[in-house]
Amino acid sequence: MNDLESAPINTGEDDGVEWTTVGGVRVPVDLITPPWPDPYMDIEDYDPDADLMVLNMGPQHPSTHGVLRVKLVLDGEICVKCVPYLGYLHRGVEKLCEKLSYVQITPIVDKNDYVSPMMNELAINMAFEKLIQAEVPRRSRYIRTICAEIQRVGSHLLWLGTFGLDMGGAIGGGGSIFMHTFRERELLLDLFEDLTGCRFHYNTHMVGGNRHDIPAGWADKATKVLAELGERCFEYEQFVRDNEIFRARTVGVGIVDPVLAMELGISGPILRASGVDVDLRRDQPYAAYDEIEINVPTETTGDCFARYLVRVAEMRESIRIATELLKGVPEGPIGSLKPVKLPGAVKAKHGLGVYSAIESPRGELGTFVVGNTERRQAAIPYRCKIRSPSMHALQLLPYLCPGNNLSDIIVALGSLDPIMGEVDR
Amino acid sequence: MTFENPWIHGLVMGLIIGNVSLAITGYSIWFERKFAGRMQNRPGPTVVGPWGLLQPVADVLKLMQKEDITPRSADKALFNLAPPLTVFVALSTLAVVPVAPGWIIADLHIGILFALALGSLMVFPVWMAGWASNNKYALLGGMRSAAQSISYEIPLLLSATVPIILADSFRITDIVEAQLGGNWFAFWPPGPGFAAFGLFFLCSLAESNRIPFDIPEAESELVAGVSTEYTGMKFGLFYLAEYLHTFIISMVAAALFLGGWDGPGDHDGFIWMALKTLTLFVFIFWIRWSYMRYRSDQLMAMCWKFFLPLGLALVMFSALWVHAS
Amino acid sequence: MSWPQDAIDLCTDRFGLTLCETEGATVEREQLVALATALKNELDFRFFVYVVSVHYPAVDPIPADEEKGTEAVDGIPDHTVVHYRLRRMATTERGTDTFAFRTTVPTGEDCPTVSDIWVGADWQEREQYDLVGTVFSDHPDLRRIMMPEDWPGHPLRRDYAIETQHFPWR
């Protein structure tokens with residue numbers, strides 16, 4: 001499938017998949033598996049004769065995707081209970097947001113989801129713009145969308161590399177795919193360096209628009225890089241999708257119940273791989289997404305392999321969207337407010353809370369901002385809450401682990417794609 | 001080169017073959033890293049010495065000067081015994097492998113049985129390390145390794161039985177001499193011979209815990225598996241033992257199935273043995289850097305449901321073939 | 001943002017609540033669980049987006065000043081406003097909708113938990129307890145999630161100085 005025109009779309013006429021409707025949403029019947037395991041089960045109730053072992057996959061571990069501590073109770077190699085512990089990367093971002101002004105917050109929030117930083121910036125600046133009721137010019141919306149889609153490709157590439165690491169180890173086959181995807185990602189980071197001057201943590205979105213404009217020749221260079229990436233995606237699919245060991249490790253592993261996922265607040269590729277056709281870019285368009293057609297890939301098996309397929313399809317789709325948008329970036333200003341340089345430049349008008357959400361590579365990333373109406377505090381938020389999708393995805397772990405092998409838990413955790421910076425903030 | 005006195009013969013040959021093997025194993029680390037680097041579109045070690053050739057030396061010096069930490073609650077005797085025992089068992093398998101006509105440390109009548117038996121002994125040091133470390137990751141690694149090694153010995157023995165039947169001797173020298181002249185057991189009879197070779201190759205990969213069977217030392221799950229608590233030169237010994245075991249099974253596979261020192265025409269000699277061994281060795285690296293690992297229950301299923309019946313079928317087929325001809 | 005009509009009808013007709021443009025319905029603590037259950041089961045708001053606690057410290061009443069001609073301003077007690085947001089997934093007939101509601105919890109009193117209605121509220125409520133100090137009654141496991149277990153105080157309260165130190169952490 002070397003076709004960049006469209007990603008596979010789930011049309012509903014799948015071979016042999018039975019659908020039902022839960023809450024108006026169409027989900028595959030096979031994936032709904034109540035009753036869900038009880039995350040607060042008392043271990044003594046499990047089996048008095050079993051020889052249970054408590055294994056602590058501590059904050060330092062080659063495969064917990066950052067500092068996550070998971071306490072597993074194992075019966076042999078099967079997990080009985082799983083208790084995740086968070087907070088090892090808690091940096092007090094929300095408290096900092098109560099001290100810094102709207103202009104100064106963007107570089108702080110950059111570091112939440114450190115794999116696709118522009119998503120954080122976009123989410124928070126959209127919330128700020130909703131708070132002060134600012135308009136964003138059309139050119140800026142195009143730049144934001146293009147950057148968001150390229151970030152999505154970069155994030156999924158990184159996910160693919162670390163997923164290979166989980167399965168093959170740094171010394172071994174996983175290392176090979178890791179090296180390849182990071183090499184591709186370097187091309188994208190070079191693009192961003194041309195645009196903003198930084199490879200990570202750009203501080204390029206601001207309230208009312210963008211700080212950096214597209215330099216001359218960037219559109220052509222980006223189109224070329226994206227076309228090359230599209231072909232490399234095809235190579236990855238060949239290398240990984242038909243690899244028998246990859247299939248053996250991921251097919252049927254870590255099946256996620258879509259009803260449970262919705263209740264937990266999980267969206268993004270995890271929910272889409274379980275058959276639920278939701279995407280904030282299409283359903284609640286923001287930035288320039290209302291000017292372009294989005295094909296949302298879904299799968300119906302809900303296992304790690306399905307999540308892999310969805311993410312690779314999303315990569316292709318993002319490449320297509322970005323390429324198409326690059327062809328027609330409108331002229332105009334890139335910021336609606338005067339160049340926002342001084343901390344006191346942006347002031348909130350009311351003390352109510354607004355929420356705005358975007359579709360990050362992990363799901364619904366949103367920000368709830370409450371304006372400050374105290375004396376001389378109007379340029380600083382009153383409360384800023386960042387709704388991170390990875391935290392909701394991690395909540396799935398106590399429901400996913402019981403009954404699974406240790407190896408399967410690692411693979412399932414990898415396929416959930418948690419970014420601890422976002423979880424802990 | 002044969003000496004009259006078996007003790008002197010063993011000593012001299014042992015020194016020569018053992019040291020050469022250890023040297024090649026040491027430099028295989030350099031080669032693997034270069035090879036892996038090129039597979040991943042990067043150069044590999046280049047800093048230490050020209051083309052990074054002094055990298056193994058640097059690694060060994062680094063490991064030697066590291067602090068030797070023994071956990072307080074570890075079983076000290078077993079903990080300290082396990083790494084040298086691993087190397088010892090791996091090296092002792094070298095005793096019956098012929099590297100050239102006449103160059104063999106101990107030409108036992110039961111050569112191949114001796115080699116396989118010592119390979120089975122490899123379970124013990126690994127298990128000891130897993131238990132004595134008093135660490136749950138090491139314990140899990142040790143248990144997985146024990147289960148895997150014990151299971152994969154059976155198809156290994158069965159596939160090694162095929163050249164035994166075809167050559168009608170347990171002595172490895174006899175097996176090699178039966179293949180001289182180009183009728184290597186890997187290609188004769190066509191089909192089952194190659195299947196036996198493939199089976200032997202894969203089962204020895206499983207025995208030495210190489211990818212795709214390296215679940216006992218799965219880095220992403222069990223930090224370093226059995227060798228989690230080992231530091232410094234003890235870790236170095238485990239590392240060395242793994243490479244040594246891999247090298248030796250390449251030699252054994254080359255001797256059993258690829259004709260050993262058989263060359264084209266009449267030009268037999270050590271160089272062909274070396275070439276075949278190194279080809280297999282490189283092939284093992286290639287597999288390692290391309291594939292991910294299987295899950296432990298999938299490994300067991302593969303062994304008992306696929307490899308074992310295949311091994312049995314191969315043995316019966318070769319027995320019938322020899323009986324018929 | 002305009003709320004979906006059926007949610008507005010539910011709130012105004014059955015519960016008699018007032019709605020704010022951006023923050024949604026204002027509900028009393030006693031009716032919170034009933035409203036949440038109705039929203040989930042009848043109107044299919046099955047996706048739990050967030051729960052946020054916002055702390056408002058006490059403000060002293062300002063007496064009327066006759067010289068300046070200002071009127072008396074009432075004091076505000078120390079309280080927390082807990083905001084909830086739910087989402088309804090898109091179907092072929094409608095797009096995705098969100099709905100929000102909020103409740104006021106005076107400091108020292110509990111807020112009823114919604115974690116038996118949406119499982120996802122579990123950790124989010126723990127986080128709000130940890131950072132702001134809102135206690136959720138009937139929560140299965142209300143303990144700190146981000147901060148260390150023995151941390152004193154709740155950092156995201158407005159009266160908690162950002163430079164507060166607790167040995168050995170900074």
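Every value quoted in this text rests on a predicted model; they were computed, and no experiment measured them.

Enquirer: Would you take a moment to explain the overall build of chain A for this structure?
Expert: Counting its secondary structure elements, chain A contains 15 helices and 10 strands. On C-alpha atoms alone, chain A measures out to a radius of gyration of 22 Å, which is about the 22 Å that the 2.2 N^0.38 rule sets for 425 residues. Considering only C-alpha atoms, chain A reaches an extent of 70 × 55 × 45 Å along its principal axes. In chain A, which comprises 425 residues, the proportion classed as buried is 57%. The contacts in chain A between residues at least 6 apart in sequence include a share of 71% that link residues at least 24 apart.

Enquirer: Is there a simple way to explain the overall build of chain B in this structure?
Expert: A count of helical and extended segments in chain B gives 11 helices and zero strands. Overall, chain B shows an N-to-C arrangement of helices and strands of α-α-α-α-α-α-α-α-α-α-α. Whereas a compact globule of 325 residues would reach a radius of gyration of roughly 20 Å, chain B reaches 20 Å, a difference of no more than 12%. Across its three principal axes, chain B shows a C-alpha extent of roughly 60 × 45 × 45 Å. Counting over 325 residues, chain B shows a buried share of 50%. Within chain B, contacts between residues at least 6 apart in sequence are counted, and of these 75% link residues at least 24 apart.

Enquirer: Got a minute to help me understand the packing of helix α5 (residues 123-132) of chain B against helix α6 (residues 136-167) of chain B in this structure?
Expert: A pair of packed helices is captured by two measures, namely the crossing angle of their axes and the spacing between those axes. Residues and elements named next belong to chain B. Put simply, α5 and α6 touch, their axes get as near as 7 Å, and they point 160° apart. Classed by the angle they form, the pair α5 and α6 counts as roughly antiparallel. Considering only the axes of α5 and α6, their crossing is left-handed. The segment α5 lies against α6, with V123, V126, W127, A129, G130 and W131 engaging A138, L139, G141, G142, M143, S145, A146, S149 and I150. Partitioning the contact of α5 with α6 into residue classes produces 10 nonpolar, five polar and no charged.

Enquirer: Teacher, can you tell me more about the arrangement of the chains here?
Expert: Sorting the two pairs of chains in contact by contact count puts chains A and C at the top. Considering only C-alpha positions, the minimal separation of the non-contacting chain B and chain C is 25 Å.

Enquirer: What am I meant to see in the sheet that holds strand β4 (residues 69-75) of chain A here?
Expert: All names here are of chain A. Spatial strand order, β3-β4-β5: three strands in an open sheet with antiparallel pairing. In this open sheet, the two strands that pair with only one neighbour each are β3 (52-57) and β5 (78-85). Between one strand axis and the next, the sheet turns by 20° as a mean value, whatever way the strands run. As paired strands, β4 and β5 are joined by seven bridges and run antiparallel to one another. Counted as the bridge partner of L74 is C79 from β5.

Enquirer: Even after reading the chapter, I still don't get the confidence of the model for chain A, so can you show me in this structure?
Expert: On average, residues of chain A score 83 in pLDDT, and 93% of them reach the 70 mark or higher. Under a pLDDT of 50 for its full length, residues 1-9 of chain A has, in the predicted model, 19 contacts with residues more than four places off or in other chains.

Enquirer: I would appreciate a short explanation of the nonpolar core in the present structure.
Expert: A general trend in soluble globular proteins is that nonpolar side chains are found buried together. Formed by 253 residues in total, the largest nonpolar core has its most connected members in L396 of chain A together with V97, F200 and A253 of chain B. A total of 16 residues in this core trace back to one element, the largest contributor, which is helix α9 (residues 232-257) of chain B. For A253 of chain B, the residues in contact, after removing those within four places along its chain, are F200, F201, S204, L258 and L280 of chain B.

Enquirer: Hey, could you run me through the interface of chain A and chain C in this one?
Expert: When the parts come together, some accessible area is lost, and that loss is often what is quoted as the size of the interface. At the interface, 34 residues of chain A touch 31 residues of chain C. Secondary structure elements with two or more residues in the side of chain A that touches chain C: α1 (93-97), α8 (258-264), β8 (353-360), β9 (363-370), β10 (383-387) and α12 (389-394) of chain A. In terms of residues, the side of chain A that touches chain C owes the most to one element, α8 of chain A, which gives four residues. When its residues are assigned to classes, the side of chain A that touches chain C shows 14 nonpolar, 11 polar and nine charged.

Enquirer: So what exactly am I meant to see when it comes to the sheet that holds β8 of chain A here?
Expert: The strands making up a sheet associate through hydrogen bonds between their backbones, and the pairing can be parallel or antiparallel. Residue and element names in this part refer to chain A. Reading across from one edge, β8-β9-β10 is the order of the three strands in this open sheet, with antiparallel pairing throughout. Pairing within the sheet leaves two strands with one partner each, and these edge strands are β8 and β10. Averaged over neighbouring strand pairs, the angle between their axes works out to 15° when direction is ignored. Judged from the five bridges that link them, β9 and β10 form a sheet pairing that is antiparallel. Residue pairing across strands places V370 opposite R383, the latter belonging to β10. Here helix α3 (residues 117-132) sits on the sheet and contacts β8 and β9; the angle it forms with β8, its principal contact strand, is near 150°.

Enquirer: Would you take a moment to explain the pairing of strand β2 (residues 25-28) of chain A for this structure?
Expert: Every regular strand shows the same layout, with side chains that alternate between the two sheet faces. Residue and element names in this part refer to chain A. Looking at chain direction, strand β1 (residues 19-22) and β2 are connected through four bridges and run antiparallel. Residue pairing in the sheet places V22 in a bridge with V25 of β2. The hairpin formed by β1 and β2 contains two residues between the paired strands, and G23 there has a positive phi angle of roughly 65°.

Enquirer: What should I look at first to understand the environment of M118 of chain A in this one?
Expert: Here M118 of chain A shows up in helix α3. The residues touching M118 of chain A, leaving out its near neighbours within four places in the chain, are C147, A148, Q151, Y202, T204 and H205 of chain A.

Enquirer: Sorry if this is basic, but what is going on with unusual backbone geometry here?
Expert: Negative phi is the rule for most residues except glycine; trans is the rule for most peptide bonds. The phi dihedral of D417 of chain A falls on the positive side, at around 55°, and the residue is not glycine. By the element assignment, D417 of chain A lies in the loop between α14 (406-416) and α15 (420-424). With 25 C-beta atoms packed within 10 Å, D417 of chain A lands in the buried category. Its identity as a non-glycine residue notwithstanding, W51 of chain B has a phi of 55°, on the positive side. Summarising the element assignment, W51 of chain B is placed in the loop between α1 (6-39) and α2 (55-64).

Enquirer: Looking at this model, I keep getting lost on the environment of W131 of chain B. Mind explaining?
Expert: Its location among the elements puts W131 of chain B in helix α5. With sequence-adjacent residues up to four places away left out, W131 of chain B is seen in contact with L78, L139 and G142 of chain B.

Enquirer: Even after reading the chapter, I still don't get the environment of S407 of chain A, so can you show me in this structure?
Expert: Residues and elements named next belong to chain A. Along the polypeptide, S407 turns up in helix α14. Looking at S407, the number of C-beta atoms within 10 Å reads 25, which means it is buried. Sequence separation between S407 and G161 is 246 residues, and the spatial gap between their C-alpha atoms is 18 Å.

Enquirer: Sorry if this is basic, but what is going on with the packing of helix α8 (residues 192-207) of chain B against α9 of chain B here?
Expert: Residue and element names in this part refer to chain B. Their axes nearest at 10 Å, the elements α8 and α9 cross at an angle of 165°. Accordingly, the angle class assigned to the pair α8 and α9 is roughly antiparallel. Viewed along their axes, α8 and α9 form a crossing whose handedness is right-handed. Each of F197, F200, F201 and S204 in α8 lies in contact with α9, whose residues at this interface are I249, A253, L256 and F257. Residue classes in the contact of α8 with α9 are distributed as seven nonpolar, one polar and no charged.

Enquirer: How should I be thinking about α6 of chain B in this particular structure?
Expert: Three- or four-residue spacings in an α-helix give side chains the same orientation, since the helix completes a turn every 3.6 residues. All names here are of chain B. A rise of 1.5 Å per residue sets the reference length of α6, with its 32 residues, at 46 Å; its end C-alpha atoms lie 46 Å apart and thus fit the reference within 8%. The axis of α6 is deflected most strongly, by about 25°, at E153, and proline P155 appears within four residues downstream. Positive backbone phi, approximately 65°, marks D168, located one or two places after α6.

How each quantity is defined
Residues numbered from 1 in each chain as written. Chains lettered and ligands numbered in written order. Predicted model: local features only at pLDDT ≥ 70, side-chain atom pairs only at ≥ 80, totals over all residues. Helix = DSSP H or I, 4+ residues; strand = E, 2+ residues; numbered from the N terminus. Rg over C-alpha atoms; globule rule 2.2 N^0.38 Å. Buried ≥ 20, exposed ≤ 12 C-beta atoms within 10 Å, placed from the backbone. Contact = placed C-beta atoms within 7 Å. Axes fitted to C-alpha atoms, helices over the stretch in contact; angles between N-to-C directions. Parallel < 35°, antiparallel > 145°, perpendicular 65-115°, else oblique. Left-handed = near helix turned anticlockwise from the far one by under 90°. Nonpolar A, V, L, I, M, F, W, Y, C, P; charged D, E, K, R; others polar. Pairing = 2+ DSSP bridges. pLDDT = per-residue confidence, 0-100. Core = buried A, V, L, I, M, F, W, Y, C linked by C-beta atoms within 7 Å. Expected span 1.5 Å × (residues − 1). Bend = angle between axes of the 7 residues up to and from the residue.

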